Amino acid sequence: MNNITAKPIEFEWHSGISIYACESFMKNVGDEYGWLGGFDESGTLRCLLPYTIINRTLIRMVRFRVETIPLGGGIDGDEEKSFLNSVVEHFRSNGAHMIVPATNNTIFRTCPDGAVAAPYGTYVINLDQTEENLWLNLHSKHRNVVRNAIKSGVEIKSGSEYTDVAYNLVRDTLKRTKLGFMKYEAFKRYIVSFGINIRIYVAYYKGSLQGCAIIPFSDYSAYYVYGGSVPAPLTGAINLLHWEAIRQFRDLGVKRYDFVGVRINPKKGSKQEGLMKFKQRFGGKLIFGYMWKYSIDKVRYKVYSIAIRLLRGGDIVDLERHKLNDVRMAEC
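Everything quoted here is computed from the prediction, not taken from an experiment. (Residues numbered from 1 in each chain as written. Predicted model: local features only at pLDDT ≥ 70, side-chain atom pairs only at ≥ 80, totals over all residues. Heavy atoms only, no water.)

J.: What am I meant to see in the layout of surface pockets here?
T.: One water molecule sets the probe size; rolling that probe over the atoms shows where empty space is left. By volume, the second largest pocket is sized at about 370 Å³. Together, 21 residues line the second largest pocket, and E67, T68, I107, Y220 and R256 are the ones closest to its centre. Secondary structure elements with two or more residues in the lining of the second largest pocket: β5 (69-70), β7 (116-126), β13 (256-258) and β14 (285-295). Grouping the constituent residues of the lining of the second largest pocket by class yields 11 nonpolar, five polar and five charged. (1 Å grid on protein atoms, 1.4 Å probe; cavity = no way out; pocket = protein on both sides within 12 Å on 5 of 7 lines; lining within 4 Å. Points joined across faces, edges and corners; volume = space filled by probe spheres on them. Helix = DSSP H or I, 4+ residues; strand = E, 2+ residues; numbered from the N terminus. Nonpolar A, V, L, I, M, F, W, Y, C, P; charged D, E, K, R; others polar.)

J.: What should I look at first to understand the sheet that holds strand β8 (residues 155-158) in this one?
T.: Note: strands within a sheet are paired through backbone hydrogen bonds, in either parallel or antiparallel orientation. Strand order in the open sheet formed by four strands is β8-β9-β10-β12, with antiparallel pairing between adjacent strands. Edge positions in the open sheet fall to β8 and β12 (226-229), since each of these has one partner strand only. Going from strand to strand, the sheet's axes swing by 15 degrees on average, the running direction of each strand aside. The pairing of strand β9 (residues 198-205) with strand β10 (residues 208-216) spans eight bridges and is antiparallel. Considered in β10, the bridge of A203 is made with G211. Lying over the sheet, helix α6 (residues 184-193) contacts β9, β10 and β12, oriented at roughly 55 degrees with respect to β10. Contacting β8, β9, β10 and β12, helix α7 (residues 237-252) runs over the sheet at an angle of about 145 degrees to β9. (Pairing = 2+ DSSP bridges. Axes fitted to C-alpha atoms, helices over the stretch in contact; angles between N-to-C directions. Contact = heavy atoms within 4.5 Å.)

J.: How should I be thinking about the environment of S305 in this particular structure?
T.: Along the chain, S305 turns up in helix α9 (residues 298-312). Taking C-alpha positions, S305 is 39 Å from L127, a pair spaced 178 residues apart along the chain.

J.: Honestly, the pattern of salt bridges in this entry has me stumped. Any pointers?
T.: Opposite charge on two side chains permits them to pair, given that their charged atoms come into close proximity. Enumeration according to the criterion identifies 19 salt bridges in this entry. Where K81 meets D113, a salt bridge forms, and the shortest distance between an N and an O atom there is 3.7 Å. Of this pair, K81 sits in helix α2 (residues 77-93) while D113 sits in the loop between β6 (98-99) and β7, and the two are 32 residues apart along the sequence. By relative accessible area, which is 43% here, D113 ends up partly exposed. A salt bridge links E273 to K268, with the nearest nitrogen and oxygen atoms 3.8 Å apart. The exposure class assigned to E273 is buried, which follows from its relative accessible area of 10%. K268 sits in the exposed class, given a relative accessible area of 71%. (Salt bridge = Lys/Arg side-chain N within 4 Å of Asp/Glu carboxyl O. Buried < 20%, exposed > 50% of the residue type's maximum accessible area, 1.4 Å probe, protein only.)

J.: Would you mind going over α9 with me for this structure?
T.: Count 3.6 residues to each turn of an α-helix, and residues three or four apart come out pointing the same way. In this model α9 runs 21 Å from its N-terminal to its C-terminal C-alpha over 15 residues, within 8% of the 21 Å that 1.5 Å per residue would give. Within α9, the full set of buried residues consists of Y301, Y304, S305 and I308. Projected down its long axis, α9 shows its buried positions confined to an angular sector of 100 degrees, all on one face. Exposed side chains of α9 directed beyond 90 degrees from the buried face belong to V299, K302 and L310. Those residues of α9 hidden inside the fold are in contact with β4 (59-63), β6, β7, β14 and α10 (316-320). N-cap assignment for α9: the residue whose side-chain oxygen lies 3.2 Å from the backbone N of V299 is D297. One or two positions beyond α9, positive phi appears at G313, with a value near 80 degrees. (Expected span 1.5 Å × (residues − 1). Arc of directions from axis to C-beta. Polar contact = N/O pair within 3.5 Å; in protein donor to acceptor, adjacent residues only side chain to side chain.)

J.: How should I be thinking about the pairing of β14 in this particular structure?
T.: With two bridges joining them, β6 and β14 adopt antiparallel strand pairing. Residue pairing across strands places I99 opposite Y294, the latter belonging to β14. One ladder, built from nine bridges, connects β7 with β14; its direction is antiparallel. Counterpart to A118 in the pairing with β14 is M291.

J.: What's the story with the side chain of T173 in this structure? I'm lost.
T.: With respect to the helices and strands, T173 occurs in helix α5 (residues 163-176). For T173, a relative accessible area of 15% gives the class buried. Those residues within four positions of T173 in sequence are excluded, and the remaining contacts are G227, G228 and S229.

Note that every value here comes from positions in space, so none of it alone points to a role or purpose.
Quick look at the structure:
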């Protein structure tokens, strides 16, 4: 196995890389940020991992906004594990106290030795195909409700002028499930941080708002990062919203449409199972991987764990880690 060593590097983002590796975005979501390059024994740069650091009172937390990005010929699973082991050592030597779970769009193929991990996945549509094939890949129920929404006169609109509308709808949607959302000013900064690389879609029926989708993108991938709907949207309106987004991103030359996260083997009849089926029926491929976290300073890590359990009942790794054996994935 070729050992891959993590070293800080300077990096100039381009559209062939995930938008979440873009400096303007990372600067907005972290108190500190940077890029670690993975170098093999010959000194060749094999991969890239952007990171952000969040500083709270007496706690310094690392959070990844995108998974390891292969460069050139890529890296295999063993090499990536070697790289992530080196990443942990880099942050240990630089005074970080822990690595907290990444954002939902971040699905690692593996994780470092000693990490606490949980299985996670996402549905990704390959947009490098004809529109006809994309349509045929939709589940028949999705095709039917999309047709009905079109016949009913549902309108899909897009533009920065819908920023406020989308914010209110996402906030209210999350509130219905007892989840919080960022403050308005933070949301505005979030949108601005992507520059021209974000689209806000809204669906209207007879002048009445039905739903929205907030989608950062680059040539590499579009990410359905936030969405919202009214309590009882017209059947098919949200399906049509995604179908139009998929069509438009394909026309722009974007390579993938990522539905950003599903839980593995969700409980039958649960909301999580419903979300999984909704995303699955657009015809994407299920990508399996890991969410993980790592304790560097045991005392501060314990403080974090207690606080997150009191606030939310645990983080995503706490909630899903029991499924590792259920899905027969290799433990880290």
